[in-house]
Amino acid sequence: MAQERPDTETPETCDVRIQDRIQVGGASPAQSPTRLGPTRFSEVLAGGDRLRNTGSDLIGSIWSWINGEDLNRNPKNPVKRGKRKRIRTAKTAACVIGLVGFFIFVNWFMLSQLHEGRAWLRRGFSKKPNLNPKPNPDPNPSVKRASVKVSASVQHGEKKKMGKPKKKYNGTYGRLLAYAAHALAEGQNKLEPKELWREPKDQALAWKPCADQRSWKPNDGKNGYIMVTANGGINQQRVAVCNIVVVARLLNATLVVPKFMFSDVWTDASQFGDIYQVEHFIKYLSPDIRIVKKLPKELQSLDLEAIGSVVTDMDVMKEAKPGFYMKHILPLLLKNRVVHFFGFGNRLAFDPIPFQLQRLRCRCNFHALNFVPKIQETGAILVRRLRDSGSHLAPVDPYLVGPKFASFILDKKAGPLHKASKYLAVHLRFEIDMVAHSLCYFGGGDAEKKELDAYREQHFPTLANLTKTKKMPSPDDLRTEGLCPLSPEEAVLMLAGLGFNRKTRVFVAGANIYGGMKRLAALTSLYPNLVTKENVLTETELEPFKNHSSQLAVLDFIACTASDAFAMTDSGSQLSSLVSGYRIYYGAGKMPTIRPNKRRFSDILLKNNTIEWKVFEQRVRKNVRQTKHVLVRPTGRSVYRYPRCKECMCNED
């Protein structure tokens, strides 16, 4: 039973209340237990008292020594007073002389230091810099040249900000590339580090796909019809499709098979049915939502724009929460019976969102979107040739190309002892659209700047206008923050630093690399077994995909996902995100992905003129090793990229 609070408080009771509050972390005194011993504050106070007592005893002892007193002597014992007086006088004089000498020494020392400091300053300001120095045998004369510039600026009275000078990127890595070539030539017969082709297996194996599990009844879609025209490239469109599936379930609406917006960047008129199996999409998601191929006849004649049923990406905030759709879209749907999301993309938040809706998102991405047979067959041919035939299937193969074409990847003539070649896939997101949008500099001088400015004016007018009206981060600042896509030169330095053998087969994904084959020269010179889909597949095999960049991108997606190891060069790329997520979901802990921390990697590359190759290797490997942990999806992050979460995968530990 709680104690009653006294009507009046004496200083003693007040002190107890304060000490009780301290002990229980702010609980009311009525709920506080009786304090049985000293608190840590009382111990500190007691320690202070002991310190003061000790100090007093020490001073008393010294004074007693000066006076010639024996602390262990009984003061009543008789002693010859004259002799004691002479001893006391001598000790006092010695102490005084010692103190005076000490102060004189300290004073002399401080004055001498001050004098030397002034002399140094006079020398620093009066000495004229040698602006025409003789050749310096120092192997790194840049340090001395920098000191000459600093001295000159001080002489002219310029105010320089002291500190570490900011290093700038000049677009070339000749020194490091030479080191890499030498290291690869010497070590071409050495074994590669084992972790290059492995994931942290024990932790990864604990996660199993389970997004196909359902625990609800299908919607009847009676609230109306949702149409969607997804924008961007094939990977952005895939994300948009899965997001709109969730929105349709949320609003109890019927979804019309999605359409894809034509982009002047991708210049591909491919539609949903040209890439994905429509019948499988409708059937697989039928327990979740109702899907139709087109609007009912009575709604086809509606002028959706006139009645306000067209919702653009400008009308919906990025990563809008479910409540936004319930509040703003549902009333419009109930009123007009149809809503058309035009230019729909990343317009649905990842958190907070109900468990089953998040699982539906994963189910759509990993189970409902199967590629059409034409793409599956060509993808199987591509993977088979990249593996140089073989006697095994990767865990992801049947889900990428279907069970029928997955068996085609196997070489039936190959015996059980035949071992398939490993291959590394690298996604070089270095097309001109990415390069221009990044606002970074890649060593091409004025010609590069003019070309990218013109591209932004045509394809990214809003961004181009911002660069003229707002102060944008400098290319050097963007690079330091890790916001620039890796160039082919930087990508090959990363691979060499990690220890990939010169004989490694490297598949490069990405069409129309900015700078063309000249830019790829660094990669091909260090890794001669480098290939792309264009030189693995024949012209006849590529003919059905001609002028369809989205369908060609799907072939890149298949080759990257099926690879023995996959290296990302731009973490913001949708293809890299979807590939890494697919490898996690279906990879059974056997399909590693290399994700460099670009901010730290940029810091390493900025030292390209001074860093030694051994140090470079150590730092690159540490950088990548720190990103290879098996992580649960962080809150707010994409389930397409991080499917290790309870909504998408089940942890059996």
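Residues numbered from 1 in each chain as written. Predicted model: local features only at pLDDT ≥ 70, side-chain atom pairs only at ≥ 80, totals over all residues. Heavy atoms only, no water.

Draft legend 1. Focus on the nonpolar core. Membership of the largest hydrophobic core comes to 99 residues, with the highest contact counts inside it found for Ile 226, Phe 281, Tyr 325, Phe 341 and Phe 507. At 10 residues, helix α7 (residues 234-250) tops the list of elements feeding residues into this core. In terms of domain composition, this core takes at least three residues from each of domain 1 (178-204 + 372-430 + 485-651) and domain 2 (225-368). For Phe 281, the contacting residues outside a window of four places in its chain are Val 241, Val 245, Leu 255, Pro 258, Phe 272, Ile 291, Cys 364, Ala 368 and Leu 369. Membership of the second largest hydrophobic core comes to 52 residues, among which are Leu 176, Ala 496, Val 506 and Val 624. (Core = buried A, V, L, I, M, F, W, Y, C linked by side-chain atoms within 4.5 Å. Buried < 20%, exposed > 50% of the residue type's maximum accessible area, 1.4 Å probe, protein only. Helix = DSSP H or I, 4+ residues; strand = E, 2+ residues; numbered from the N terminus. Domains from an automatic or database assignment. Contact = heavy atoms within 4.5 Å.)

Draft legend 2. Structural detail: the environment of Leu 333. The residue Leu 333 is located in helix α11 (residues 322-336) in this model. Accessibility expressed as a relative area gives 0% for Leu 333, which makes it buried. Sequence separation between Leu 333 and Asn 223 is 110 residues, and the spatial gap between their C-alpha atoms is 6.9 Å. Discounting residues that sit within four places of it in the chain, Leu 333 has contacts with Asn 223, Gly 224, Tyr 225, Ile 226, Leu 251, Ala 253, Val 338 and Val 339.

Draft legend 3. Just the packing of helix α13 (residues 373-386) against helix α23 (residues 549-561), in detail. Relative to each other, α13 and α23 sit at 45°, their axes nearing to 9 Å. Viewed along their axes, α13 and α23 adopt a mutual orientation that is oblique. Remark: the crossing between α13 and α23 carries right-handed chirality. Across from Lys 374, Ile 375, Thr 378, Gly 379, Leu 382, Val 383 and Leu 386 in α13, the residues of α23 making contact are Gln 551, Val 554, Leu 555, Ile 558 and Ala 559. Class assignment for the residues of the contact of α13 with α23 results in eight nonpolar, three polar and one charged. (Axes fitted to C-alpha atoms, helices over the stretch in contact; angles between N-to-C directions. Parallel < 35°, antiparallel > 145°, perpendicular 65-115°, else oblique. Left-handed = near helix turned anticlockwise from the far one by under 90°. Nonpolar A, V, L, I, M, F, W, Y, C, P; charged D, E, K, R; others polar.)

Draft legend 4. Main features of the side chain of Asn 219. Mapping Asn 219 onto the fold places it in the loop between β1 (207-209) and β2 (225-230). Among residues more than four places away in sequence, those in contact with Asn 219 are Ala 248, Arg 249, Asn 252, Asp 288 and Arg 290.

Draft legend 5. Here's a closer look at the state of the cysteines. Applying the stated criterion across every chain, the model contains three disulfides. Covalent S-S linkage joins Cys 210 and Cys 650, the inter-sulfur distance amounting to 2.2 Å. Between Cys 210 and Cys 650, the S-S torsion sits near 100°, and that sign places the bridge as right-handed. With Cys 210 in the loop between β1 and β2 and Cys 650 in strand β13 (residues 649-651), the pair connects residues that are 440 residues apart, well separated along the chain. In this structure Cys 210 comes out as buried when scored by relative accessible area, which is 1%. Here Cys 440 is linked by a disulfide to Cys 484, with a sulfur-sulfur distance of 2.0 Å. Residues Cys 440 and Cys 484 share a disulfide whose torsion about the S-S bond is about -90°; that sign makes it left-handed. Highlighted residues: Cys 440 in the loop between α15 (432-438) and α16 (445-459) and Cys 484 in the loop between α18 (475-480) and α19 (488-498), separated in sequence by 44 residues. The buried category is assigned to Cys 440, whose relative accessible area is 6%. The exposure class assigned to Cys 484 is buried, which follows from its relative accessible area of 5%. (Disulfide = S-S within 2.5 Å.)

Draft legend 6. Representation of the packing of α7 against helix α12 (residues 355-368) within the structure. Viewed as axis vectors pointing N to C, α7 and α12 meet at an angle of 140°, and their least axial separation amounts to 9 Å. Judged by the angle between their axes, α7 and α12 are oblique. In this structure, α7 meets α12 at a crossing whose hand is right-handed. In contact with Arg 238, Val 241, Cys 242, Asn 243, Val 245, Val 246, Arg 249 and Leu 250 of α7, α12 contributes Leu 357, Leu 360, Arg 361, Cys 364 and Asn 365. Among the residues making up the contact of α7 with α12, the classes are represented as eight nonpolar, two polar and three charged.

Draft legend 7. Region of interest: helix α20 (residues 516-526). Turning to α20, its buried residues are Arg 519, Leu 520, Ala 522, Leu 523 and Leu 526. The arc enclosing the buried residues of α20, seen along the axis, measures out at 125°, which places them on a common side. Away from its buried face by more than 90 degrees, α20 exposes Met 517 and Lys 518. Tucked into the core, α20 has its buried residues touching α5 (174-186), α19, β9 (505-509) and β10 (530-531). (Arc of directions from axis to C-beta.)

Draft legend 8. Structural context of the pattern of salt bridges. Within this structure, the stated rule accounts for 22 salt bridges. Residue Arg 633 pairs with Asp 351 through a salt bridge whose shortest N-O separation is 2.8 Å. With Arg 633 in the loop between α26 (613-625) and β13 and Asp 351 in the loop between β7 (338-344) and α12, the pair connects residues that are 282 residues apart, well separated along the chain. The exposure class assigned to Arg 633 is buried, which follows from its relative accessible area of 10%. Under the relative-accessibility criterion, Asp 351 is labelled partly exposed at 24%. Among the ionic pairs, Asp 603 bridges to Lys 607, the shortest N-O distance being 3.3 Å. Judged by its relative accessible area of 34%, Asp 603 is partly exposed. Among the ionic contacts, a cluster of salt bridges with common partners joins Arg 214, Asp 288 and Arg 363. (Salt bridge = Lys/Arg side-chain N within 4 Å of Asp/Glu carboxyl O.)

Draft legend 9. Quick peek at the packing of aromatic side chains. Within this structure, the stated rule accounts for 20 aromatic pairs. Both rings, one in Phe 366 and one in Tyr 585, keep their centres 4.2 Å apart while their planes meet at 5°; by these two values the pair is stacked. With Phe 366 in helix α12 and Tyr 585 in helix α24 (residues 574-586), this residue pair connects regions lying 219 residues apart in the sequence. The exposure class assigned to Phe 366 is buried, which follows from its relative accessible area of 3%. By relative accessible area, which is 1% here, Tyr 585 ends up buried. Grouping aromatic residues by their ring pairs yields a cluster made of Phe 260, Phe 272, Tyr 276, Phe 281, Phe 366, Phe 371, Tyr 399, Phe 557, Tyr 582, Tyr 585 and Tyr 586. The ring of Tyr 284 carries Arg 214 above its face, with NZ or CZ at 5.1 Å from the centroid. Sitting above the plane of the Trp 216 ring, Arg 249 keeps its charged end 3.6 Å from the centroid. (Phe/Tyr/Trp six-rings, centres within 6.5 Å; stacked < 30°, edge-to-face > 60°. Lys NZ or Arg CZ within 6 Å of the ring centre and 35° of its normal.)

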